[in-house]
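# Notes for the structure review
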Amino acid sequence: MQLDSYLEIFTTMYGWAFANIISEVITGTGLVIIPFAIIIFQSWREAKEQGLESSGVLALLERAMTRLIIALFVMSVCFATTLITSLHHTNLAYMPPATPLAPSPVQGSRDGGTGSGFDSAMHDSVDGSMSGTGNLSYVPAWWYSVMAISSGVNNAVRNGLNNSGSSIRMVEDLARTATIEDPKVLNSVQRFYSECFVPARSRYLTLTAGDISPAGQTVLDPTNKAYGPTDVDWMGSQLFRTEPGFYAHMRSYNPVPGFVVDFTRDTDYYNPSSGLPPPNPGVINPAWGRPTCKEWWEDSTQGVREQMISHSSTWQQLLNVGASAMTWGSNDQRKDSFARLAQAKANPSFVDQDRISGSDYDVATSIGRIAGGALSTIGVGSAAAVAGVAFTPLITALPMMQALVLMGIYMFLPLVVFLSGFDLRAMFYGAVAIFTVKLWAAMWFIAQWIDARLISAMYPGGQGNMLIQELTHLASGSTPQGYKRMILNILLLTLFIGLPVIWTAMMTWIGVNIGGGLGKLMGSAESTAQSSAKTSTSFVTRGKR
């Protein structure tokens, strides 16, 4: 029997364990005979009120027999347990959905283990050691059939949708939680920002449109969706890397660890093999060289970009998921897009040379900078509060809530059936409740399928950097370009909560109609029995006369 979460495996066992305990209390104390006694008493009372001549003994017997047969049937299929329908004879299992991080998930089961913390924390639900009552895994035949049918329909609905989910949501959730905490990486980002990006951008601002090559103008063209005019707003600018006079001709101010000395580049170093005498006696070259800004950014091992996107497992996962979830013009473009997001997370700033040398700002300048920083912080916080809603906790919590709700339904089914007087309607109400809650998982599956199509509709073209640019703007506190993300988040929230609410409301209406129909059916059966009894009484009375 396929379930919808690891937790549901154990809550199913717990639910029926509690149900068996309640059933033992009802049967062990003799309370189980009370509904039958009430049926007999009500039949006798109704016959007594109508009078012997109008109803007679046969009417009393027919009415009581009809009610007793219905009550015995309900008790036998909804209350009595059997060894055949024991949960230990059923393989309760859960198959996680395939994701880019786990393309071949392993099925978890009650008997084989789930590989999660539930195995040790809830092991007593499997071996029955939670109570000394006995075997607590028995399930009445009716409820077992309802569970099996509900699980089958649920899985059939999900299997009927191809390409149900989208990994773009996973990229977004990873991007929201990814941060740069390594102080060495932060130092490299800060140094590159101050020593390469700020000088390059300052030089760019002094140029006119005619000073930029045709290739550079193509990069900055507003119709260029891959780069465009905003390309010069971040450290890994394509224009700065390809345009002559920028990164290819700029070098770091100081030696960068990891870059060996290259005397063809580091001409300001003393080259012992040149045959020239040292400029000063005892001169010693630094341990590392001064790379060009282009090398410093693009190097596959020591480059700033590589450090930003692969320094932790979270960023490596983000890069791998992004590669499969989105379409990229090139691998270089993919790395640049995630490096741009990493820059927004690192939030580097220009390091003033006056502050480095120890010259502090005056009081007025310091107050102005503090006020500006406070306003910026408030803006970032408000944007994060509006648009930075992560749905991973919601998607994770809803199946757990479903498992707990099902446990509560299973637990109270024997008590509800008993208190209803073994009413036929209680049997169908319980079946509708189980079927409704079980299919919540199918509703969430459909919601994810629709969400994936909405993302594709709002971000046409399939270029992955378009979505990353949205996430970058949100991470840096800019809201105008984050409207699409906020709309999609609101729609997803509506789907995940609204679809189960609509489905539950419709099934409630169906359950009420079923209950009304069964009430009429039982009333008709009793009327038929009463009519037959009256006819028999009439014949007997006529014979006596």
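As the structure is a prediction and not an experimental result, all values here were calculated from the model. (Residues numbered from 1 in each chain as written. Predicted model: local features only at pLDDT ≥ 70, side-chain atom pairs only at ≥ 80, totals over all residues. Heavy atoms only, no water.)

### Side note on the overall build of the chain
Helix and strand counts for the chain stand at 21 helices and four strands. In the chain, which comprises 545 residues, the proportion classed as buried is 40%. The long-range share in the chain, meaning contacts at least 24 apart out of those at least 6 apart in sequence, stands at 81%. In the structure as shown, the chain presents an accessible area of about 27300 Å², 63% of it carried by carbon and sulfur atoms. (Helix = DSSP H or I, 4+ residues; strand = E, 2+ residues; numbered from the N terminus. Buried < 20%, exposed > 50% of the residue type's maximum accessible area, 1.4 Å probe, protein only. Contact = heavy atoms within 4.5 Å. Areas by Shrake-Rupley, 256 points an atom, 1.4 Å probe, with all protein chains shown as cover.)

### Some details on the nonpolar core
Counting residues in hydrophobic clusters, the biggest one holds 55 residues, and the most contacted among them are W16, W143, F422 and I434. When residues of this core are assigned to their parent elements, the largest contribution, 10 residues, is made by helix 17 (residues 392-419). Ranked by size, the runner-up nonpolar core spans 43 residues in total, among them V189, C196, Y247 and M308. (Core = buried A, V, L, I, M, F, W, Y, C linked by side-chain atoms within 4.5 Å.)

### A word on the packing of helix 6 (residues 141-159) against helix 18 (residues 424-438)
Running from N to C, helix 6 and helix 18 point in directions that differ by 30°, and their axes come no closer than 9 Å. Relative to helix 18, the element helix 6 lies roughly parallel. Handedness of the helix 6/helix 18 crossing: right-handed. In contact with W142, W143, V146, M147, S150, S151, V153 and N154 of helix 6, helix 18 contributes A426, M427, F428, G430, A431, I434, F435 and K438. The residue inventory of the contact of helix 6 with helix 18, partitioned by class, reads 11 nonpolar, four polar and one charged. (Axes fitted to C-alpha atoms, helices over the stretch in contact; angles between N-to-C directions. Parallel < 35°, antiparallel > 145°, perpendicular 65-115°, else oblique. Left-handed = near helix turned anticlockwise from the far one by under 90°. Nonpolar A, V, L, I, M, F, W, Y, C, P; charged D, E, K, R; others polar.)

### Overview of a nonpolar patch on the surface
A surface patch of nonpolar side chains, amounting to about 340 Å² of accessible area, comprises L31, I33, I34 and I38. With respect to the helices and strands, I33 occurs in the loop between helix 1 (6-28) and helix 2 (34-50). (Patch = residues over 30% accessible without salt bridge, like charges linked within 9 Å, V, L, I, M, F, W, Y side chains within 5 Å. Salt bridge = Lys/Arg side-chain N within 4 Å of Asp/Glu carboxyl O.)

### Some points on the pattern of salt bridges
In this structure the tally under the stated criterion is 19 salt bridges. For R251, the salt bridge goes to D268, with nearest N and O atoms at 3.3 Å. Here R251 is found in the loop between helix 10 (238-242) and helix 11 (293-298), whereas its partner D268 is found in the loop between helix 10 and helix 11, with 17 residues between them in sequence. A residue is classified by how much of its surface remains accessible, and D268, at 44% relative accessible area, is partly exposed. One salt-bridge network, in which partners are shared between bridges, spans R241, K294, E298, R305, D332 and D336.

### Some remarks on empty space enclosed by the protein
All told, the structure shown has two cavities of 30 Å³ or more when counted by the stated rule. In terms of lining, the second largest cavity is formed by W16, A19, N20, S23, C78, F79, T81, Y138, P140 and P414. By residue number, the principal contributor to the lining of the second largest cavity is helix 1, which donates four residues. Its residues placed into classes, the lining of the second largest cavity shows seven nonpolar, three polar and no charged. (1 Å grid on protein atoms, 1.4 Å probe; cavity = no way out; pocket = protein on both sides within 12 Å on 5 of 7 lines; lining within 4 Å. Points joined across faces, edges and corners; volume = space filled by probe spheres on them.)

### Some remarks on the packing of aromatic side chains
On inspection of all chains with the given rule, the structure shows 19 aromatic pairs. Here a set of aromatic residues connected by ring pairs shows up, and it is made of F192, Y193, F197, Y204, W234, F240, F246, Y247, W296 and W297. The ring of F246 carries the charged tip of R203 above its face, separated from the ring centre by 4.9 Å. (Phe/Tyr/Trp six-rings, centres within 6.5 Å; stacked < 30°, edge-to-face > 60°. Lys NZ or Arg CZ within 6 Å of the ring centre and 35° of its normal.)

### Details of unusual backbone geometry
The phi dihedral of F422 falls on the positive side, at around 55°, and the residue is not glycine. Residue placement: F422 occurs in the loop between helix 17 and helix 18.

### Things to note about the environment of P291
Take P291: it is sitting in the loop between helix 10 and helix 11. Here the alpha-carbon distance between P291 and D262, two residues 29 residues apart in the chain, equals 8.5 Å. Residues contacting P291, with those up to four places away along its chain left out, are M250, R251, S252, V256, F259, R265 and W296.

### What about helix 6?
An ideal rise of 1.5 Å per residue puts 27 Å on 19 residues; helix 6 measures up with 27 Å between its terminal C-alpha atoms. Within helix 6, burial applies to W143, Y144, V146, M147, S150, S151, N154, N155 and R158. The buried residues of helix 6 occupy an angular sector of 160° when the element is viewed end-on, so they sit on one face. Across from the buried face of helix 6, at angles greater than 90 degrees, the exposed residues are I149, A156 and N159. (Expected span 1.5 Å × (residues − 1). Arc of directions from axis to C-beta.)

### Topic: helix 18
Each α-helix winds once per 3.6 residues, and so residues spaced three or four apart point in a common direction. Along its 15 residues, helix 18 runs 22 Å from first to last C-alpha, staying within 8% of the 21 Å computed at 1.5 Å per residue. Among the residues of helix 18, those classed as buried are L424, A426, M427, G430, A431, V432, I434, T436, V437 and K438.

### Things to note about the side chain of E306
The topology assignment puts E306 in helix 12 (residues 304-310). A polar contact is formed between the side chain of E306 and the side chain of K335, at a distance of 3.4 Å. Among all residues touching E306, those that are not within four sequence positions of it are D299, S300, H311 and K335. (Polar contact = N/O pair within 3.5 Å; in protein donor to acceptor, adjacent residues only side chain to side chain.)

### As for the confidence of the model for the chain
Low-pLDDT stretches of the model should not have their predicted coordinates read in fine detail. Per-chain confidence: the chain averages 76 in pLDDT, with 74% of residues scoring 70 or above. Model confidence for the chain, summarised as mean pLDDT per element, is weakest for helix 16 (residues 363-387) at 40 and strongest for helix 11 at 92. Here residues 352-388 scores under 50 on pLDDT; set against residues more than four positions off or in separate chains, the count is 21 contacts. (pLDDT = per-residue confidence, 0-100.)

### Side note on the side chain of Q402
Mapping Q402 onto the fold places it in helix 17. Of the residues examined, Q402 reaches a relative accessible area of 0% and is grouped as buried. A distance of 2.8 Å separates the side chain of Q402 from the backbone oxygen of V437, its partner in a polar contact. For Q402, the side chain forms a polar contact with the main-chain oxygen of K438, separated by 3.3 Å. In contact with Q402, not counting residues within four places along its chain, are D4, E8, V437, K438, W440, A441 and W444.

### Things to note about the environment of P399
Tracing the chain through its elements places P399 in helix 17. Taking C-alpha positions, P399 is 7.1 Å from A441, a pair spaced 42 residues apart along the chain. Setting aside its immediate chain neighbours within four residues, P399 contacts D4, S5 and W444.

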